[in-house]
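# Coordinate inspection notes
These are the residues of each chain, in order.
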Amino acid sequence: MDTIKSSTEISQLFSTGRRLKTPYLTLIVGEHSPMSTRAEDVQHDLPGRVAFIAGKKLGNAVWRNRAKRRLRALCRDLGGPWPDKDVVFLARASLCRASYGDVLRACTGAAAHLSSPWERGNDEADRCLH
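Residues numbered from 1 in each chain as written. Predicted model: local features only at pLDDT ≥ 70, side-chain atom pairs only at ≥ 80, totals over all residues. Heavy atoms only, no water.

## Structural notes on the overall build of the protein chain
Spelled out, the test is: Strands here mean DSSP runs of E at least two residues long; helices mean DSSP runs of H or I at least four residues long; both are numbered from the N terminus. Each residue gets one of three labels from its accessible area relative to the maximum for its type: buried under 20%, exposed over 50%, partly exposed in between, using a 1.4 Å probe on protein chains only. Contacts: residue pairs with any heavy atoms within 4.5 Å of one another.
Within the protein chain one finds four helices and four strands. Secondary structure of the protein chain in N-to-C order comes out as α-β-β-β-α-β-α-α. A buried classification covers 42% of the 130 residues belonging to the protein chain. Contacts in the protein chain between residues far apart in sequence, at least 24 positions, make up 77% of those at least 6 positions apart.

## Description of the sheet that holds strand β3 (residues 49-53)
Worth spelling out the cut-off: Only strands joined by at least two bridges in the DSSP assignment are considered to pair. Every axis in this analysis is a line fitted to C-alpha atoms, fitted for helices over the stretch in contact. Angles between the N-to-C directions lie between 0 and 180 degrees.
Across the sheet, which stays open at both edges, the four strands sit in the order β1-β2-β4-β3 with mixed pairing between neighbours. Looking along the sheet, the strands with just one partner apiece sit at the ends: β1 (18-21) and β3. Shown here is a sheet whose adjacent strand axes are inclined to one another by a mean of 20°, direction ignored. Pairing between β1 and strand β2 (residues 25-31): four bridges, direction antiparallel.

## Quick look at a positive patch on the surface
Put simply, the rule is: Note on patches: the residues involved have over 30% relative accessible area and no salt bridge, like charges join within 9 Å, and the nonpolar side chains Val, Leu, Ile, Met, Phe, Trp and Tyr join within 5 Å. Residue burial considers only the protein chains on display, and all accessible areas are found by Shrake-Rupley using a 1.4 Å probe. For this document, the term salt bridge refers to a Lys or Arg side-chain nitrogen within 4 Å of an Asp or Glu carboxyl oxygen. When charges are counted, neither His nor the chain ends are considered; positive counts come from Lys and Arg and negative counts from Asp and Glu. For the purpose of locating charges, the reference atoms are NZ of Lys, CZ of Arg, CG of Asp and CD of Glu.
A cluster of basic side chains, namely R66, R69, R72 and R76, defines a positive patch on the protein surface. With respect to the helices and strands, R69 occurs in helix α2 (residues 61-77).

## Re the nonpolar core
The test is simple: As used in this record, nonpolar core signifies buried Ala, Val, Leu, Ile, Met, Phe, Trp, Tyr and Cys residues forming a set joined through side-chain atoms within 4.5 Å.
The biggest cluster of nonpolar side chains holds 26 residues, and the ones touching the most others in it are L25, L71, F89, L95 and V103. Elements with a contribution of two residues or more to this core: β2, β3, α2, β4 (85-91) and α3 (100-115). Discounting residues that sit within four places of it in the chain, L95 has contacts with Y24, L25, A67, R70, L71 and V103. I4, I10, A51 and L90 belong to the second largest nonpolar core, which has seven residues in total.

## What about the packing of aromatic side chains?
We count it as follows: By convention, a stacked pair of Phe, Tyr or Trp rings (six-membered ring in the case of Trp) has centres within 6.5 Å and planes under 30 degrees apart, an edge-to-face pair has planes over 60 apart, and any other such pair is tilted.
Evaluation of the coordinates by the stated rule reveals two aromatic pairs. Measuring from centroid to centroid gives 5.5 Å for F52 and F89, while their planes differ by 35°, and the two rings are tilted. With F52 in strand β3 and F89 in strand β4, the pair connects residues that are 37 residues apart, well separated along the chain. Residue F52 shares its accessibility class with F89, and that shared class is buried. Their ring planes at 25° and their centres at 6.3 Å tell us that W82 and F89 sit as a pair that is stacked. Each member of the pair, W82 together with F89, is buried. An aromatic cluster is defined as three or more aromatic residues linked by ring pairs; in this entry it consists of F52, W82 and F89.

## Here's the deal with the confidence of the model for the protein chain
Quick note on the threshold: By definition, pLDDT measures how confident the predictor is in each residue, and it falls between 0 and 100.
Confidence in the prediction for the protein chain averages 80 pLDDT; 76% of positions are at 70 or higher. Confidence drops under a pLDDT of 50 for residues 36-42, and excluding neighbours within four residues, the segment shows three contacts in the predicted structure. Taken together, the stretch residues 118-130 has pLDDT below 50 and engages in 27 contacts with residues farther than four places along the chain or on a different chain.

## Notes on the pattern of salt bridges
Within the structure shown, the criterion is met by four salt bridges. When the shortest N-O distance is used, the salt bridge between E9 and R49 registers 3.2 Å. Of this pair, E9 sits in helix α1 (residues 7-16) while R49 sits in strand β3, placing them 40 residues apart in sequence. The residues E9 and R49 share a single accessibility class, namely buried. With a shortest N-O distance of 2.9 Å, R49 and D86 are connected by a salt bridge. Of this pair, R49 sits in strand β3 while D86 sits in strand β4, and the two are 37 residues apart along the sequence. In terms of burial, R49 and D86 fall into one category: buried. Residues joined by salt bridges that share partners form a network here, namely E9, R49 and D86.

In structure tokens form, the structure reads like this:
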């Protein structure tokens, strides 16, 4: 699984990416773009990349590590990483308190939106995830 390691790329996803919210986590999705913008360097069918974030304000190191393990398992179970997409899994405080089955059921709708094309500005995806 290829991960996004650059804080610059993660910041760019936070500012330009599409947010899909569930009760347990937020997915931030953007198109995977190569570093070079020259036409001959542009590749199609790039492998997708992911990032897993559990912020310090939500808990101590034990909680954050548990949350990131759950996020990685969710990514695998939902079929990620998705081709040509950069996806940030952002943990919410309720992630570790809920059962894994509940979290997986809540996130299945979000994964369906990742696999299908969507347009920016369409809030139907956000409404159906709650």
